[in-house]
Amino acid sequence: MRLHEKLSALAQALNIKNADLARESGLDAASVSRFLTGKRLFPYKYLPLLCETMARMFPQGVKGDYLPSELRGITGNKLLGSEELSESVLTWLQNSPEYVKKQPDTGGKPESGKKSKKDLFASQKVFGEKLSLLMDIAKITGSQLAGALYVDPSMIYKYRIGTRSPKKDTLESLTGYICSHIKDTDMRRRILNAAGAGPDTSDMAQEDFRIWINEWLSEEHTWDVSGIESFLETIDDFRYFGESGDVIPLSEIAPLAGDVTQNESFWGVEGMRSAATRYLYYAAIMDTPSTLYICTTSSLDFVTMNLRWKAVWGSLMIHCLLKGHTIKIIYNMADRSVAEIVDAIEAFVPLYMVGRMEPYSFKRPQGSTIRHTTYLIENHVAVTASYAEGMDDEAEYIYSTEPKRLAVQKKHFDSLLSVSNNLMDIYRSADGMDGYEVRLGRFWGLNGDATVLLPSLSIATIPEDVLNAMLLRSGTDEETRGKILSFYAAEKQWIKLQLGIGRLNELSVIADWEALEAGDVFLDIPSHLVPRPIPYIQDEYAAHLANIRRLQKKNTSYRFYELAKAPFRNIKVYHKSAEVIVQKAGYPSAAFAISNVYMCRGFEKFLPQLNLK
């Protein structure tokens, strides 16, 4: 059985409703529905939390004969307590095909023991990606690794780009050197998150950990890109703040916050959650809008690894947004896995979408000996912490309203801000999109190949006479028509520029005739340019497809790839190795321009895993 089939069978057997599972886990009901129908893969790292949540709903236990037949092969028919039920369900779900490495199909022929050149290159490329990730986390340079292995630095470069792979004895030395630089649990946790699977490495002996790293580097691995997908889905689904029925009322959060005027110390990861809840609750009940300052080099697990608390966090974000607050936040990107940072950004998406979020990242990698946290509302409240690396469970988080502490913390934050760069630039239709058009033009001028994920066929590839006929048929007024034609000319010019410097890959679904007849297939124009979408008719769409085929024959640098299904309704993603632009075409229209190398790498892994026909 596939994962979604197991989840559905389990929910049906135990009579668990989507709404109940959403409420208990902290997930939104729409995501639960996607997981159970197979429209989205449940993130591997959340499986233990999901199983614990389900088991918690049955404090008296469950008889094995109530469970799906395949699961009964693990449990038998006895009565299972909550803990045993959670462990059994976790084992069953972990062995789903989506999480287990697939074996190559040999077509009934025996394995020769050799890989084709194509398969070998793909395997080497995966090895290089993993090696680069480990070196980033361990803060090891290519020259340092080359010196330790007694090889030329160019050989390390070849390992990282996938043109060469090390011999067995070299691999042993390589993993030994890297693991000698990965000693604390926080580094190990980031590697585990990046791997997307595997054991909990935090308590492993050093030699066992080295063996695990060696095996992980050697195996062919599918990257966990669920964080990127979830981030895009959140943007795609966002309509406007206050519309979601999943927002927890402040009256229910108040008991978790306690007395917001009382100075108090909180301890460990749970203490961090309590301190953050009190801080955000204070902001949510303020009389006037203010600026919230946030910076932490600590683990972001306090946000991302507890689904119920994540729902509290998200609800408080909505309440702060409704209050009119702006947030300035500094991320420590160099010490984060891509999945971790994307999960954290996703928690702030409502504020990003309405332009009240200013994200920054440090210009230089930060030392990992001491971890710091600062949450501040100037002249009101602060949460601060400073503790040794790896001592998350013993950290003290001080919640304070003391004026002197607040003044000093504001100076500290301003100092950190002075050594930070913008993490991303955000453009909204409410503010005008002129800056976005300039940024998009800059994107096309960057060197390298480009990949574009489209909700519809690109306007740049439509014949001009067909476009004019569509505008005439739709009754577009002269001013709007002028905007659309200017946008069309710019898109064509940008594509011409791209084909002069590299390849262009476009990914989109091809609409079926029923959707065209129903008027549900629209021209690729962002909503800030048109008051209403312009639908195709069948002849217009056929002419557009024919022109795409002609373009492919004429220019070998252009390729169109058909997707089996549209992953998003109105999200467009532009990707180059140095920059990613995510545009939401539907209301409310917004665009995110991202140049951080870690984020760009995450998108680079996500796009090839989309379901091509």
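Analysis parameters
- Residue positions are given per chain, counted from 1 along the sequence in the order it is written.
- Residue-level local features of this predicted model are given only where pLDDT is at least 70; pairs of side-chain atoms are given and counted only at 80 or more, and the full residue set underlies all totals for whole chains, interfaces and linings.
- Remark: hydrogens and water are excluded; side-chain values derive from all non-hydrogen atoms of the structure.
- Between any two strands, at least two bridges found by DSSP are needed for them to pair.
- Helix and strand definitions here come from DSSP, where helices need a minimum of 4 consecutive H or I residues and strands a minimum of 2 consecutive E residues; each element is numbered from the N-terminal end.
- Note on geometry: axes are lines fitted to C-alpha atoms, helical ones only across the stretch in contact, with angles between N-to-C directions running from 0 to 180 degrees.
- Here, two residues are considered to be in contact whenever any of their heavy atoms come within 4.5 Å of each other.
- Ring geometry is summarised as follows: Phe, Tyr and Trp rings, the Trp one being its six-membered ring, pair when their centres sit within 6.5 Å, and such pairs are stacked at plane angles under 30 degrees, edge-to-face over 60 and tilted between the two.
- Over a ring means this: the NZ of a Lys or the CZ of an Arg is within 6 Å of the ring centre and within 35 degrees of the ring normal.
- Grouping buried Ala, Val, Leu, Ile, Met, Phe, Trp, Tyr and Cys residues that are joined through side-chain atoms within 4.5 Å yields what is termed a nonpolar core.
- Residue burial is assigned from relative accessible area. The probe radius is 1.4 Å, only protein chains are included, and a residue is buried under 20% of its type maximum, exposed over 50%, and partly exposed in between.

Asks: So what exactly am I meant to see when it comes to the sheet that holds strand β7 (residues 370-377) here?
Replies: Strand pairing in a sheet relies on backbone hydrogen bonds. The paired strands run either parallel or antiparallel. The strand order β3-β9-β8-β7-β4-β5-β6-β10 describes an open sheet built from 8 strands, whose pairing is mixed. Edge strands, defined here as strands with exactly one partner in the open sheet, are β3 (264-267) and β10 (420-422). For this sheet, the mean inter-axis angle between neighbouring strands, taken without regard to orientation, is 20°. Relative to strand β9 (residues 396-400), β3 runs antiparallel, the two being bridged by 4 bridges. Residue pairing in the sheet places Ser265 in a bridge with Ile398 of β9. Packing against the sheet, helix α15 (residues 268-284) makes contact with β3, β4 (291-296), β7, β8 (381-388) and β9, and its axis sits at approximately 135° to β3. On the sheet, helix α20 (residues 403-417) packs against β4, β5 (326-331), β6 (357-362), β7, β8, β9 and β10 and is oriented at approximately 70° with respect to β4.

Asks: Is there a simple way to explain the packing of aromatic side chains in this structure?
Replies: In this description, an aromatic ring pair is defined by two values, namely the gap between the centres and the angle between the planes. Overall, the coordinates contain 9 aromatic pairs when judged by the stated rule. Joined through ring pairs, the aromatic side chains of Phe443, Trp444 and Tyr574 make up one cluster. Over the ring of Tyr399 we find Arg278, and its NZ or CZ is 5.0 Å from the ring centre. Looking at Lys576, its charged tip hangs above the ring of Phe443, at a distance of 5.6 Å from the centre.

Asks: Looking at this structure, how should I read the nonpolar core?
Replies: Formed by 71 residues in total, the largest nonpolar core has its most connected members in Leu232, Tyr279, Ile327, Phe348, Tyr397, Val582 and Phe603. It is α15 that provides the largest number of residues to this core, a total of 9 residues. Of all hydrophobic cores here, the second largest spans 41 residues; its members include Met433, Trp444, Leu457 and Leu516.

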